[in-house]
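Next come the chains, spelled out residue by residue.
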Amino acid sequence: MAEAAERWERAGSGPGADRWDRRPGPAETLRVYGLIVRMWVRSTMAYRMSFVMTALGNFAATALDFATILLMFSRITVLGGFTLPEVAFLYGTTSTAFGVADLLMGSMDRLGRRVRDGTLDTLLLRPAPVLAQVAADRFALRRLGRITQGGLVLGWALLRVDVAWTPGKVLLVPVMLVSGAAIFCAVFVAGGAFQFLASDASELQNSVTYGGNTMLQYPPGVFARELVRGVTFVVPLAFVNWLPALHILGEPDPLGLPRWVDFLSPLVAVGCCTLAGLAWRAGLRSYRSTGS
Amino acid sequence: MLGRPAGVPGRVGGGLREVRGQVGGFYAAVVVRGFRRYATYRTATAAGVFTNSVFGLIVSYSYIALWDQRPHLGGYSQAQALTYVWVGQALLMTMALMGGGFEDELMERIRSGDIAVDLYRPADLQGWWLSADLGRSAFHLLGRGVLPMVCGALVFDLALPSDAVTWLLFLVAVALGAVVSFAVRFLVALSAFWLLDGAGVSQIAWLAGLFFSGMLLPLTVFPGVLGEVARALPWAAMLQVPADVLLGRHRGAGVLTALAFQACWGVVLLAAGRLLQSVAARRVVVQGG
Amino acid sequence: MAEDGTGAAGGDVIELDGVEKVFDVRRKAGVLRRTRHEVRAVDGISFTVPRGEVVGYIGPNGAGKSTTIKMLTGILNPSAGRIRICGIDPARERTRLARRVGVVFGQRTTLWWDLPLRDSYHLVRRMYRIEQERYRRNLEACVELLDLGPLLDVPVRQLSLGQRMRGDIAAALLHDPEVLYLDEPTIGLDVISKTKVRSFLREVNAERGTTVLLTTHDLTDIETLCRRVMVIDHGRLVYDGDLAGLHAVGESERTLVVDFARELPPVEVAGARCVKVEGPRQWLAFPAAASAAPLVAAVADRYPLVDLSVREPAIEDVIARMYGADADRTPTPGT
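Some details on the sheet that holds strand S10 (residues 253-260) of chain C
All names here are of chain C. Spatial ordering of the open sheet is given by S11-S12-S10-S13, a layout of four strands whose pairing is antiparallel. Two strands in the sheet have a free side with no partner beyond their single neighbour: strand S11 (273-278) and strand S13 (305-311). With direction set aside, neighbouring strand axes in the sheet form an average angle of 20 degrees. Summarising the sheet, S10 and strand S12 (residues 281-287) pair through seven bridges and their orientation is antiparallel.

Topic: the sheet that holds strand S6 (residues 179-183) of chain C
Residue and element names in this part refer to chain C. Taken together, six strands build an open sheet; the order of strands is S5-S6-S7-S3-S8-S9 and the sheet is mixed. The sheet terminates laterally at strand S5 (101-105) and strand S9 (236-241), the two strands that pair on one side only. Each strand of the sheet is rotated relative to its neighbour by a mean of 15 degrees, with strand direction disregarded. With four bridges connecting them, strand S3 (residues 54-58) and strand S8 (residues 228-233) associate as parallel partners. Bridging across to S8, Val 55 finds its partner in Arg 228. Contacts from helix H1 (residues 65-73) reach S3, S5, S6, strand S7 (211-215) and S8, with the element oriented near 150 degrees to S7. Sitting on the sheet, helix H5 (residues 161-173) touches S5 and S6, and the angle it makes with S5 is about 165 degrees.

Examining the pattern of salt bridges
Opposite charge on two side chains lets them pair, provided their charged atoms get close. One pass over the structure, following the stated rule, counts 39 salt bridges over all chains. In this structure, Glu 28 of chain A engages Arg 129 of chain C in a salt bridge whose closest nitrogen and oxygen atoms are separated by 2.8 Å. With Glu 28 of chain A in helix H2 (residues 26-44) and Arg 129 of chain C in the loop between helix H3 (117-128) and helix H4 (132-146), the pair connects residues from two separate chains. One salt bridge in this structure joins Glu 53 of chain C and Arg 228 of chain C, with 2.9 Å as the shortest N-O distance. With Glu 53 of chain C in the loop between strand S2 (34-50) and S3 and Arg 228 of chain C in strand S8, this pair connects stretches of sequence that are 175 residues apart. Accessibility assignment for this pair places Glu 53 of chain C and Arg 228 of chain C in one class, buried. One network of salt bridges, in which partners are shared, links Glu 20, Glu 38, Arg 40, Asp 43 and Arg 236 of chain C.

Thresholds, definitions, all that
Residues numbered from 1 in each chain as written. Chains lettered and ligands numbered in written order. Predicted model: local features only at pLDDT ≥ 70, side-chain atom pairs only at ≥ 80, totals over all residues. Heavy atoms only, no water. Pairing = 2+ DSSP bridges. Helix = DSSP H or I, 4+ residues; strand = E, 2+ residues; numbered from the N terminus. Axes fitted to C-alpha atoms, helices over the stretch in contact; angles between N-to-C directions. Contact = heavy atoms within 4.5 Å. Salt bridge = Lys/Arg side-chain N within 4 Å of Asp/Glu carboxyl O. Buried < 20%, exposed > 50% of the residue type's maximum accessible area, 1.4 Å probe, protein only.

Right, dumping it as structure tokens:
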């Protein structure tokens with residue numbers, strides 16, 4: 001009996017056991033996210049052939065979008081005032097930013113299913129942020145295909161596009177990619193928060209994520225002014241690539257906004273992430289009171 | 001995860017079994033079941049209608065820019081091109097161009113070995129799944145097709161026909177397209193008998209379908225030989241032909257030629273599916289299930 | 001009460017006071033109209049569980065069992081009332097509480113399907129920040145007591161249901177929880193696995209003083225593990241006491257099985273009635289609360305008695321009587 005008692009540590013008696021009892025912050029969220037992602041990557045690698053096939057498929061599927069644009073340009077030379085390299089620049093920036101967000105947060109649309117089948121509860125039992133657990137759920141490494149494809153198009157566009165590069169313009173490219181990815185991540189989180197309320201409406205967020213990504217591949221001048229206003233002021237997707245890209249390409253802004261707006265992407269991204277975080281907390285709180 | 005997924009042959013209720021003698025009645029009942037099965041997801045349908053409409057809107061504007069540059073591109077006026085966009089959104093789910101049909105379920109049954117049971121049932125495997133999938137198509141045409149079309153007609157000036165005959169011919173073309181769509185996916189699903197990991201085949205079939213159906217761009221816009229080949233492939237029967245019938249691009253006997261094109265592909269692919277099914281059945285018998 | 005959250009050293013680990021959970025349910029009442037009405041899933045439950053106790057928490061489906069467990073773990077917030085687990089309010093400090101409790105859902109594995117069992121444990125260690133030495137010792141103990149040794153390097157998808165359940169229970173114990181919630185831990189298992197799980201839980205409780213709250217439909221779990229049983233029905237606690245008391249409340253009957261020297265017509269004795277005759281053997285039912293001794297004496301006095309035994313009532317019958325679900329059901333003799 002003494003030996004047996006020694007085998008087990010007395011519950012909760014370890015030194016510093018309370019050190020991590022505080023409300024988990026962003027660092028803990030990232031740490032847990034990383035832990036779970038690593039597990040999914042290892043699970044994926046248990047079926048290596050399948051991974052290669054689906055990653056190639058992901059690459060090819062996104063490449064079809066660009067093939068459509070190439071087909072269009074087989075019949076025209078200018079679309080909405082943009083040449084092919086310019087459209088490719090728009091395509092490359094949004095696809096890369098969206099690809100990163102899709103890789104990091106694309107699993108948010110599985111939340112509704114977890115709410116419906118009750119498996120969300122098991123995530124709530126762990127001493128880890130639920131957002132990190134949901135975002136990392138079924139982490140799909142195959143989505144590297146989309147990033148690769150977007151990156152290749154962006155690389156080609158950067159070589160071909162007719163721009164007088166200044167240090168500011170060069171710096172703006174990585175800034176817009178990071179900000180764009182953050183804005184799309186915020187949309188994914190907000191979409192997840194909405195699924196707490198309507199668990200089988202996960203397709204709704206596709207219209208903003210995939211739909212938004214498709215829209216940003218074309219020049220803003222193509223779309224009706226109200227639509228451009230909508231994606232500037234309501235769901236600020238215009239800050240993913242349109243506004244900074246217009247600055248880089250030296251094209252006029254169809255809404256006639258002041259020039260400094262073109263540099264606001266990082267601020268908009270921070271704002272979006274904050275709002276999405278608040279929406280997420282409200283959604284989780286509502287789930288915990290209704291258990292719907 | 002465990003047990004039989006909903007909507008596979010064994011689950012047909014007693015009431016259906018009674019009418020099994022009347023073959024037509026039996027398959028009609030399976031069609032109705034396929035329809036009802038998808039009709040239960042109302043919120044999902046509403047969300048899907050919204051998403052289809054948003055995509056329709058985005059694609060419409062890119063087409064307007066394209067047709068502004070090249071009026072009469074591919075023989076379409078701008079109004080016809082926009083109509084084509086919304087027909088595409090209406091038929092996206094009907095023809096299961098983004099997946100979501102029966103094929104995943106059938107492949108899972110093949111992989112798990114449950115298929116052996118299905119092959120010994122009196123109901124024909126291909127006929128059963130065809131009926132169920134046509135029921136699904138019918139639901140998606142009504143549930144996910146009509147409203148985006150109305151939305152498109154409200155926002156844009158569409159070239160919709162005013163005579164009932166054209167609409168009727170369009171419905172026939174959609175029905176034939178749905179059969180071709182099924183026949184292709186049935187062949188894809190049966191590949192699971194020979195390939196352990198069918199993900200690759202499904203993926204290739206899905207990509208080919210998206211591209212060669214004309215979902216991304218009308219096949220009439222495809223340049224040169226690529227266009228000619230694309231218009232002759234079975235995927236053209238799923239969107240390009242129904243859209244052209246609705247747009248009144250085939251006159252007189254031309255409509256019959258277009259429908260015959262669909263019917264031919266339907267018969268050929270269904271026959272190929274039947275052949276493959278019998279080979280697979282023999283294989284299952286040899287292996288002992 | 002340890003409001004400061006250090007967790008009462010002895011004392012009560014689980015405290016509920018007037019806990020309610022009310023759901024707002026919207027029902028269709030026409031094309032667009034929806035009527036709202038309240039469903040009281042948990043309707044004023046109060047109880048305490050002292051450290052080291054093993055409690056059975058039973059009731060029919062939809063009685064409010066899982067809603068209670070969800071409130072105890074902080075998944076759901078109560079509509080009214082007060083809950084303290086180890087002095088922690090689950091609704092306010094869910095993640096802090098998560099380090100003190102372990103949960104096993106019988107029908108839901110938390111193990112990683114495509115990875116070796118060991119990897120799932122490694123993740124638990126990292127996620128709960130369990131010190132290496134403590135983790136090693138706890139894992140060793142679990143591996144030994146649950147026979148997990150040969151399974152550690154096997155992908156979870158290749159484990160049998162019983163092996164997986166043992167793996168899940170071990171995963172819930174690696175961080176030394178003070179409280180363990182088990183929801184149907186033996187569901188679907190074969191007899192040997194069930195026995196293994198039960199004896200392991202008894203050992204954990206005895207050696208570590210872990211408090212256990214057990215939800216189950218398998219009443220052998222209750223009989224072998226629990227000193228105390230709580231019965232919940234329609235969101236209310238209808239019974240809280242020991243098993244014997246449950247029999248008394250349920251007006252259950254025990255059965256005296258007697259073997260006579262020869263075949264006899266159904267015997268007639270005061271305080272018992274004959275419910276079954278099979279050759280020289282007869283089954284006599286009498287109230288569970290009554291003593292068997294006077295009855296045995298009375299029978300032996302008047303009939304040629306060869307052998308006898310007393311059968312305890314089947315607990316399913318007892319609870320069925322309490323729920324009044326089928327009050328007319330006669331005790332099943334000879335089971």
